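# Fold and contact review
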Amino acid sequence: MNSKKNLDLKIIIIGAAGVGKTSLLHRYVHKQFYEDYRTTLGASVLTKMVVVDNTPLKLQIWDTGGQERFRSVVSTFYKGSDGCVLAFDVTDMDSFESLDDWREDFLQRVIPVEQDFPMVVLGNKIDLRNRQVSKEAASSWCKAKDITYFEVSAKNDINVVHAFETLAKQALSRSKGIYENYLTDSIKLTPEDQPSTKCC
Ligand code: GDP
Ligand code: MG
């Protein structure tokens, strides 16, 4: 959470090229789906105001802009993230198998120690018939890593809002925790509150 503007949260969406990341963001932020969406290079950031747990939030959602093949380029956008959407395409097994690498890469760069970072997995394109990744396989991968899994479709508007808002909730609660710890630590450091070191 940005300390100056407490209620800004940075969310990043990552995953293999073509899984529907840009489409999911447009569905969530603009409530639209473009069949022939063309990727533009460079990161793009979409903003959405939401209310989560009675708290108004400004979500800044970062899209990786078609550079997924160059993971080192994408990873420069990870810094300062409050939450991460890992996306794959249920009709593309390779995109599911690459989730491990995307996740590890992200965690390594963002939080070397803490492992329970706000993260959700989205299995996109469930409107299509030619599935290669079963719901069970995806759920069990997520369960093993304690990540919430959503089956979604950017095209047919299935579960997209629910998925993003679940992540926003997790990110908000983590950010509040960090802020409260920071306040507690500051109070502990106030000289009046220091225990006396005198010995009787
Ligand atoms: P990105 O590379 O991960 O950003 O993927 P895009 O959002 O550019 O989408 C890649 C292709 O998948 C485009 O042709 C989209 O129209 C299509 N697509 C995205 N989401 C869905 C979906 O939910 N269902 C279907 N059928 N196609 C989708
Ligand atoms: Mg894209």
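Residues numbered from 1 in each chain as written. Chains lettered and ligands numbered in written order. Predicted model: local features only at pLDDT ≥ 70, side-chain atom pairs only at ≥ 80, totals over all residues. Heavy atoms only, no water.

## Structural notes on the pattern of salt bridges
Across all of its chains, the model carries six salt bridges by this definition. Of the charged contacts, one joins Asp53 and Lys169 as a salt bridge, the two residues approaching to 3.7 Å between their closest N and O atoms. Of this pair, Asp53 sits in the loop between strand E2 (44-52) and strand E3 (55-63) while Lys169 sits in helix H6 (residues 160-188), placing them 116 residues apart in sequence. Assessed through its relative accessible area of 43%, Lys169 is described here as partly exposed. Between Arg109 and Asp105 there is a salt bridge, with the nearest N and O atoms lying 3.3 Å from each other. Here Asp105 and Arg109 lie together in helix H4 (residues 99-110), a separation of four residues that amounts to about one turn. Overall, Arg109 belongs to the partly exposed group, its relative accessible area being 48%. (Salt bridge = Lys/Arg side-chain N within 4 Å of Asp/Glu carboxyl O. Helix = DSSP H or I, 4+ residues; strand = E, 2+ residues; numbered from the N terminus. Buried < 20%, exposed > 50% of the residue type's maximum accessible area, 1.4 Å probe, protein only.)

## Observations regarding the site of ligand 1
Near ligand 1 there are 19 residues, and of these Gly18, Lys21, Thr22, Ser23 and Asp127 occur at the shortest range. Separating a nitrogen atom of ligand 1 from a side-chain N or O atom of Asp127 is a distance of 2.7 Å. In the environment of ligand 1, an oxygen atom lies 2.9 Å from a nitrogen or oxygen atom belonging to the backbone of Ala154. For ligand 1, whose accessible area on its own is 580 Å², the fraction buried by protein is 86%. With three residues, the single largest contributor to the shell around ligand 1 is helix H1 (residues 21-30). For the shell around ligand 1, the class distribution of residues is seven nonpolar, six polar and six charged. (Near = heavy atom within 4 Å. Polar contact = N/O pair within 3.5 Å; in protein donor to acceptor, adjacent residues only side chain to side chain. Areas by Shrake-Rupley, 256 points an atom, 1.4 Å probe, with all protein chains shown as cover. Nonpolar A, V, L, I, M, F, W, Y, C, P; charged D, E, K, R; others polar.)

## Overview of the sheet that holds strand E5 (residues 119-124)
Taken in spatial order, the six strands make up an open sheet running E2-E3-E1-E4-E5-E6, and their pairing is mixed. Looking at which strands have only one partner, the edges of the open sheet turn out to be E2 and strand E6 (148-151). Here the strands of the sheet are splayed against their neighbours by 25 degrees on average, with no regard to which way each runs. Here strand E1 (residues 8-14) runs beside E3; their pairing, made up of six bridges, is parallel. Bridging from a neighbouring strand, Ile13 pairs with Asp63 of E3. Helix-sheet contacts for H1 involve E1, E2, E3, strand E4 (83-89) and E5, and the interaxial angle to E2 is about 45 degrees. Sheet strands touched by H4: E1, E4 and E5. Its angle to E4, the strand with the most contacts, is close to 165 degrees. (Pairing = 2+ DSSP bridges. Axes fitted to C-alpha atoms, helices over the stretch in contact; angles between N-to-C directions. Contact = heavy atoms within 4.5 Å.)

## Concerning the pairing of E1
Within E1, seven of the seven residues are buried, leaving the element largely enclosed by the surrounding structure. With burial as the criterion, each face of E1 is covered, one bearing Asp8, Lys10, Ile12 and Ile14 and the other bearing Leu9, Ile11 and Ile13. Across four bridges, the pairing between E1 and E4 is parallel. Looking at the pairing, Ile12 lines up with Cys84 of E4.

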